[in-house]
Amino acid sequence: MIKLWDYKNSFQNNRDALSNSMRLVLAITLFILLTTPTSAINIDEGVTIPIIAAYSTMEGESGVLLNATVIVTEGNGHVFVDTQPYTQVDLQGSARMATLVASDITGIDPTRHDFYFIIEVTSPIISGPSAGAPLTVAAIADIENWQLNDGVVMTGMINPDGSIGPVGGIPYKLDAAAQHGTSLFIVPEGQINVVITENTIVRKGDIVAVEEKTIEVDLVERGQELNVEVVEAITIEDAVELFTGHEIHRSEPPIGVWSAEYLDVLRPLGRNVLDEANQLYLVAVNETTQFSSTLEIQKVLLERGQEQYDEQQYYAATNTGLFVLNNLKFILWWEEYSNTKDQDEYLNNLYQTVSLEVNQSRREVERFKEEGVKDVDGVGAAEIRVVMAEQLLADARSTETEIDYVKTLALASMRAETILWWLSLVNTDHTTDDDMLKDRAGWYVGTASSVVTYARTIISESDSMHGLSGLLDEADVSLDRAVIEYERGYYSGAIYDSLLAYVQASTAISLMGYSDVGTKIQRSADAARVSIEESRNAGIEPVLAVSAYEYADSLETPSQQIVEYNYARVLAKTTLQLTTVSNVSHSVVSATPIPLKTVCPTQTPTPTPAPQVPAEDGLDVPGFPIPSGILAVFTIAVLLKK
């Protein structure tokens, strides 16, 4: 995404190289931009909130109180951050995260609003994770037209699920807030008592040394000494109530998420996959002499898949069947490879065969879209698998052993086959406008890119990479795939892969320094069920979201569970938004999404698992309610003079 400050810096750095003709063109362009009526903003209409920062000096840690004004208007999903001087990327990332959480809490569509953050920054060394929560409070207050109470100051990082994340330097921030008449100081959950390191300069003759001493600080006691009440806020709803007096009611999550329509959509897919897997199993038993123990495991998995099907866990049954199909395909191909005389020729022919499968599936997607995108979710699932299959073909060429080569081709073949399955489940004649999808996809890709960068920046700066780097790597893979899909015109696929990248990166953020993972899992599951219910109340069955929820239920790794529950939540909201926008533009999306999941077993992996495959938004210059014609003329005069 092109930032307004990047544009200014770029222009200043390159202005000497502009020719006179280029200056004239730029001058005319600026004249048009400045004189054309756009969605003007008025800073008096926004919400100004104090933000507190801590920074290091020669004398030690200090705090400083700043002001931030947040303005939310109808628009096109842009996020404007104005600071002077330029600040670190995490402040920009905090602003982006604030827009997403505020939109989520208030129920507005972030792609149809513009957010302006005008932040007073006294030093470029000040970074911004701790400003995330107050910026979110201000955005919510402006959207709801609520006033902020005087004397309230907050510090805390905003997590994508609306929880308040831990920050540093709180005692120094409290001291600075007290100096400005603060009466209520809000800190993140679990940070009433913090440990700080204080440096003391010790002089012994001509020798000057710095001694470090660790101190535990009770912020409530420290606040009492400063006449400031210190309280914790667990969620952004808690913080909003403390700032405004308005209570945001969280909907009670329904007990279950499965519906008759969801089961009707998934039932035939689960049945077809299990039937095909059973047939291929019989072929493998009769035609192979190797992998007898592995075949026994496939038999157990097939029995488990049937149990899942009988229990109406159709998505779990589908995943189990796909995993077995992939393993059996590899076993049969490896048997053929082992028994052939010209093994090199066999591998070449196998590659060509799989390439034809992938190409045929890709052409089927293009044919399916000739008359428009019918069912964004089903088409998106197919588009993603086209790119996955192509990436697997490329990966096969770089494998070091023949067995890995065959495994990778087997997985590519399975991806190609599932493309047709997803398309076969589309059962609507409604189409979605391609231009709208392109605009949305560009916004989602840009937002995901910003969040991934933000996550990697703050996690690396906080030395919290251990245990979280895997999520960030997965986010990079999903984002890379989304970019490929967008450039190819696979806009539906780009939307869903961008959402996945956003969820993977944002989950890593929310787990920074968080110890009560069980509570985090429960909150994520509850939020997903609420979003799914909201879609159903609007007459939409979010099958894609429900399948992600079901998949999360089957996982054992806490971080992956949280990812899938969060994915289910954003999928439900996105399906609702896409459908609403399409209805407004008289181009309706299907209300029955198709499951979009990576093939993954719910049981212990077999000895022959397939390898895992790793994965612009322009900024318009806002109009201002000033005599823009005078400013335009002045700008042209300066440019032409130069």
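Residues numbered from 1 in each chain as written. Predicted model: local features only at pLDDT ≥ 70, side-chain atom pairs only at ≥ 80, totals over all residues. Heavy atoms only, no water.

**Re the overall build of the chain**
Just so we agree on the cut-off: Only DSSP runs of H or I with at least four residues qualify as helices, and only runs of E with at least two residues qualify as strands; both kinds are numbered from the N terminus onward. Whether a residue is buried, partly exposed or exposed follows from its accessible area with a 1.4 Å probe, protein chains only, as a fraction of its type maximum: under 20%, in between, or over 50%, in that order. The Shrake-Rupley method, run with a 1.4 Å probe, gives the accessible areas here. Residue values count only the displayed protein chains as cover.
A tally of helices and strands in the chain yields 20 helices and 13 strands. Taking all 642 residues of the chain together, the buried fraction comes to 54%. Surface accessibility of the chain: about 28,300 Å² in total, with carbon and sulfur atoms responsible for 50%.

**Quick look at the nonpolar core**
The condition is simple: Definition used in this section: a nonpolar core is a set of buried Ala, Val, Leu, Ile, Met, Phe, Trp, Tyr and Cys residues joined via side-chain atoms within 4.5 Å. Contacts were defined at the residue level, with two residues in contact if any of their heavy atoms lie within 4.5 Å.
Counting 187 residues, the largest nonpolar core has Phe117, Phe185, Ile236 and Tyr496 as its most contacted members. A per-element tally of this core places helix α10 (residues 314-339) first, with 14 residues. In this view, Ile236 contacts Val101, Ile105, Ala133, Thr136, Val137, Ile140, Ile158, Gly162 and Ile164; residues no more than four positions away in its chain are not counted.

**A short note on the pattern of salt bridges**
Definition in use: Salt-bridge detection follows one rule: a side-chain nitrogen of Lys or Arg within 4 Å of a carboxyl oxygen of Asp or Glu.
The final tally for this structure, using the stated rule, is 19 salt bridges. Between Arg569 and Asp104 there is a salt bridge, with the nearest N and O atoms lying 2.7 Å from each other. Note that Arg569 is positioned in helix α19 (residues 558-584) and Asp104 in helix α3 (residues 89-106), a separation of 465 residues in sequence. For Arg569, a relative accessible area of 7% gives the class buried. Residue Asp104 is classed as partly exposed on the basis of its relative accessible area, which comes to 24%. With a shortest N-O distance of 3.6 Å, Glu417 and Lys329 are connected by a salt bridge.

**A look at the packing of aromatic side chains**
Each aromatic ring pair is described using two quantities: the centre-to-centre distance and the angle formed by the ring planes. Note the following rule: Ring geometry is summarised as follows: Phe, Tyr and Trp rings, the Trp one being its six-membered ring, pair when their centres sit within 6.5 Å, and such pairs are stacked at plane angles under 30 degrees, edge-to-face over 60 and tilted between the two. Each ring is checked for a lysine NZ or an arginine CZ that lies within 6 Å of its centre and within 35 degrees of its normal; such an atom marks a charge sitting over the ring.
Evaluation of the coordinates by the stated rule reveals 11 aromatic pairs. A ring pair is formed by Trp334 and Tyr337, whose centres lie 4.8 Å apart and whose planes are at 35 degrees; its orientation type is tilted. Of this pair, Trp334 and Tyr337 both sit in helix α10, separated by three residues, roughly a single helical turn. An aromatic cluster of at least three residues, connected via ring pairs, comprises Phe291, Phe330, Trp334, Tyr337 and Tyr346. Positioned above the aromatic ring of Tyr309 is the side chain of Arg271, whose terminal nitrogen or guanidinium carbon lies 4.5 Å from the ring centre. Lying over the aromatic face of Tyr351, Arg397 brings its terminal NZ or CZ to 3.8 Å of the ring centre.

**A look at unusual backbone geometry**
Although it is not a glycine, Asn145 sits at a positive phi angle of roughly 60 degrees. Considering the arrangement of structural elements, one finds Asn145 in the loop between α4 (132-144) and β5 (152-154). At Phe291, a position not held by glycine, the phi torsion is positive, near 60 degrees. Along the chain, Phe291 turns up in the loop between α8 (260-287) and α9 (292-310).

**Regarding α8**
To keep things clear, this is the line we draw: Expected helix span is computed as 1.5 Å times (number of residues minus one).
Over its 28 residues, α8 runs 41 Å from end to end, which matches the ideal 40 Å to within 8%, given 1.5 Å per residue. All buried positions along α8 are accounted for by Tyr262, Leu263, Val265, Leu266, Leu269, Gly270, Val273, Leu274, Ala277, Tyr281 and Ala284.

**Observations concerning the pairing of strand β8 (residues 184-188)**
For clarity, the threshold we go by: Strands were regarded as paired on the criterion that DSSP finds at least two bridges between them.
With five of five residues buried, β8 lies mostly within the body of the structure. Relative to β8, β5 runs parallel, the two being bridged by three bridges. Within β8, the position partnered with Val153 by the bridge is Phe185. Sheet analysis places β8 next to strand β11 (residues 229-233), joined by five bridges and oriented parallel. Residue Leu184 lies in a different strand from β11, and its bridge partner there is Glu229.

**Some thoughts on the packing of α10 against helix α18 (residues 543-554)**
Definition in use: Orientation is described by axes fitted as lines to C-alpha atoms, over the contacting stretch for helices, and by angles from 0 to 180 degrees between their N-to-C directions. Throughout, the term roughly parallel applies to angles under 35 degrees, roughly antiparallel to angles over 145, roughly perpendicular to angles from 65 to 115, and oblique to all others. All amino acids are sorted into three groups, where Ala, Val, Leu, Ile, Met, Phe, Trp, Tyr, Cys and Pro are nonpolar, Asp, Glu, Lys and Arg are charged, and the leftover types, Gly among them, are polar.
Direction vectors running N to C along α10 and α18 enclose 70 degrees, while the axes themselves pass 9 Å from each other. In terms of axis orientation, α10 runs roughly perpendicular to α18. Every residue of α18 that contacts α10 at Tyr314, Tyr315, Ala316 and Asn319 is listed here: Ser547, Glu550 and Tyr551. The residue makeup of the contact of α10 with α18, split by class, is four nonpolar, two polar and one charged.

**Notes on the packing of helix α11 (residues 343-368) against helix α13 (residues 402-424)**
Let me state the cut-off plainly: Helix crossings fall into two classes, left-handed where the near helix is turned counterclockwise from the far one by less than a right angle and right-handed where it is turned clockwise.
The geometry of α11 relative to α13 is characterised by a closest axis approach of 9 Å and an angle of 20 degrees between their N-to-C directions. In this view, α11 runs roughly parallel relative to α13, as classed from their interaxial angle. The hand of the α11/α13 crossing is left-handed. The segment α11 lies against α13, with Leu347, Leu350, Tyr351, Val354, Glu357, Val358, Ser361, Glu364, Val365 and Phe368 engaging Glu402, Tyr405, Val406, Leu409, Ala412, Ser413, Ala416, Ile419, Leu420 and Leu423. Of the residues that constitute the contact of α11 with α13, the class distribution is 15 nonpolar, two polar and three charged.

**Quick look at the confidence of the model for the chain**
Rules: The quantity known as pLDDT measures the predictor's confidence residue by residue, on a range of 0 to 100.
Taken as a whole, the chain shows an average pLDDT of 79; of its residues, 78% reach a score of 70 or greater. In this model residues 1-41 is a low-confidence stretch, pLDDT under 50, and it forms 56 contacts with partners more than four residues away in sequence or in other chains. Between residues 584-642, whose pLDDT stays under 50, and residues either more than four places distant or in other chains, the model counts 170 contacts.

**Digging into a negative patch on the surface**
Applied cut-off: Here a patch means residues that are over 30% exposed by relative accessible area and free of salt bridges, tied together within 9 Å if like-charged and within 5 Å if nonpolar (Val, Leu, Ile, Met, Phe, Trp, Tyr). Charge assignment: positive for Lys and Arg, negative for Asp and Glu; neither His nor the chain ends contribute. For this purpose, a charge sits on NZ of Lys, CZ of Arg, CG of Asp or CD of Glu.
A grouping of Asp342, Asp344, Glu345 and Glu402 is seen on the molecular surface, where their side chains present a negatively charged patch. Checked against the element boundaries, Glu402 lands in helix α13.

**A look at helix α7 (residues 236-244)**
Put simply, the test is: Arc, as used here, means the arc of the directions from the helix axis to the C-beta atoms.
For α7, every residue scored as buried is listed here: Ile236, Glu237, Ala239, Val240, Phe243 and Thr244. Projected down its long axis, α7 shows its buried positions confined to an angular sector of 160 degrees, all on one face. Where α7 terminates, the next one or two residues include Gly245, which has phi positive at roughly 85 degrees.

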